[in-house]
Amino acid sequence: MQNFIFQNATKVYFGKGCVKEYLACLLRGSQRVLLAYGGGSIKANGVYGQVMGILSATGKTVVEFADIRPNPTYAKVQQGAALAREEKVDIILGIGGGSVIDCCKAVAMAAVYPGDIWDDFWARPGVVDFEPLPLGVIVTVAGTGSECNGGAVITNEEKKIKTGRDYPACNPRFALMDPTYTLSLPKEQMVSGGFDILSHIMEAYFSWPDEDNVSDDIAEALMQGVIRDLRASVKDPQDYTARSNLMWESAMAENRITASEMRQKCRESLHAIIRAPAGGLHRLQPRPGAGSAASGLLPPHLRAGETKIRPLCHPCLGHSGRGEERGRAGPCRGGSTGRFYSGAWPAHYPAAAGPGRCENAARHCGFLQSGAGQLPQNNERRNFDPFASVFLMDQ
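Being a predicted model, the structure only gives us computed values, none of them experimental.

A. Structural view of the sheet that holds strand β2 (residues 32-36). Strands sit in the order β1-β8-β5-β4-β2-β3 across an open sheet of 6 strands; the sheet is parallel. The two strands at the open ends of the sheet, each matched to only one other strand, are β1 (11-14) and β3 (61-65). Adjacent strand axes in the sheet meet at a mean angle of 20 degrees, parallel and antiparallel pairs treated alike. With 5 bridges connecting them, β2 and β3 associate as parallel partners. Residue pairing across strands places L34 opposite V63, the latter belonging to β3.

Encoded structure:
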């Protein structure tokens, strides 16, 4: 294995009732709370009322910072930072998914930093040599995994730039993860979040290094779990076991265990495309948002010129193409020689593989152009939905 440094400072409290059980003691020592959230969903599903009840019962002064939209903007970050300074808050408590949590991380920095955090930390990497405001989060959406890292994707509308940075100092101090808080999500949003989780794992999995390593073993187990749990959740959105598994798989995909610093640099290609103004070139899911965009840019392993293929096929991930055996390219586990990469297999697959080997492997794994029965040529992705055909809909 390569050398690496692993750091994760977030303490996770997971399970049904964890907010009621732990929130009050986690806020002990903090009096003024900046309560950050998105739209009105947490009020409709009762989460807002439960949290406010706990804050009120413990005598906290609550300053509300609401209406954080998907893909948070730098203007919204500046608004939150100004509010935090004006109200002299002790801690930020974010309730929501990735957009709320990302915005809160940037607010935590901007509230105490005398300069411009965009110029010094987002336009280019910076060194966080100061202590951001403490941040705690209550997760209501499984997908981004932002609760267990220091990453934040921010859009600067004035400069027309959208970019993300990951600073360990921005890790939430604690994350409360009650899977029942995700059960009220619309089914489409739940599925989009599942695709986002799978994309995060695959981006790291298809990055360097190519030799056997523990991170890839963990990634394979996580991909198996997401496929299994997403199918179960589609069948029964109230399945607590499946939904709780998805919530933890989301955190595991983004807590830096499967993605070292080098892998983080390699994996940015897909989400860099998603973050572009024209991101989400083709969406499998109709609902807009980060997960939908991730589900639309398939396959996420967009590296060309690779020399090896490692089929992601049965029994490696517990599926076969469209539920059928399509002819094998060799042993999947233990005897395979590499991985699938790039939508343009005919152009980039090494000649040493032999005639038909690439096509056979792709057919076996279900990577087929929908309805056409053939591989996509060049970079054509029209009707090319390997996630839909392989991972979700081949029941």
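B. Examining the packing of helix α7 (residues 187-205) against helix α8 (residues 214-235) more closely. Two elements in contact, α7 and α8, have axes whose closest approach is 10 Å; the angle formed by their N-to-C orientations is 165 degrees. Looking at the two axes, α7 sits roughly antiparallel to α8. For the element pair α7 and α8, the recorded crossing hand is left-handed. Only D216, A219, E220, L222, M223, V226, L230, S233 and V234 of α8 make contact with α7, whose side of the interface consists of K187, M190, V191, G194, F195, I197, L198, I201, M202 and Y205. In terms of residue class, the contact of α7 with α8 is built from 14 nonpolar, 2 polar and 3 charged.

C. Examining the pattern of salt bridges more closely. This structure, assessed with the given rule, holds 7 salt bridges. Across the pair D120 and R124 runs a salt bridge, and its minimum N-O distance is 3.4 Å. Under the relative-accessibility criterion, D120 is labelled partly exposed at 23%. Under the relative-accessibility criterion, R124 is labelled partly exposed at 47%. Linking R173 and E131 is a salt bridge whose minimum nitrogen-to-oxygen distance equals 3.1 Å. Of the two residues, R173 is situated in the loop between β7 (161-166) and β8 (174-177) and E131 in the loop between α6 (117-122) and β5 (135-139); the sequence distance between them amounts to 42 residues. The exposure class of R173 is partly exposed, given its relative accessible area of 43%. With relative accessibility at 55%, the residue E131 sits in the exposed group. Several salt bridges converge on common partners, so that one network encompasses R228, D229 and E249.

Conventions used here
- Each chain has its residues counted from 1, following the order in which its sequence is written.
- Predicted model: local features are reported for residues with pLDDT of at least 70 only, side-chain atom pairs are reported and counted for 80 or more only, and whole-chain, interface and lining totals are derived from all residues.
- Heavy atoms from the whole structure form the basis of all side-chain values; hydrogens and water molecules are not counted.
- Two strands pair if DSSP finds at least two bridges between them.
- Secondary structure elements follow DSSP: runs of H or I no shorter than four residues count as helices, runs of E no shorter than two count as strands, and numbering proceeds from the N terminus.
- Note on method: axes are straight lines fitted to C-alpha atoms, helices fitted across the in-contact stretch only, with angles between N-to-C directions ranging 0 to 180 degrees.
- Each angle gets one of four labels, with under 35 degrees taken as roughly parallel, over 145 as roughly antiparallel, 65 to 115 as roughly perpendicular, and the rest as oblique.
- In this scheme the crossing of two helices becomes right-handed for a clockwise turn of the near helix relative to the far one and left-handed for an anticlockwise turn of less than a right angle.
- Between two residues, a contact is recorded if the distance between any of their heavy atoms is within 4.5 Å.
- In the scheme used here, Gly and all other residues not listed as nonpolar or charged are polar, with Ala, Val, Leu, Ile, Met, Phe, Trp, Tyr, Cys and Pro taken as nonpolar and Asp, Glu, Lys and Arg as charged.
- Any Lys or Arg side-chain nitrogen found within 4 Å of a carboxyl oxygen on Asp or Glu counts as a salt bridge.
- Here's how the labels work: a residue is buried when its accessible area is under 20% of the maximum for its type, exposed when over 50%, partly exposed in between, all with a 1.4 Å probe on protein chains only.

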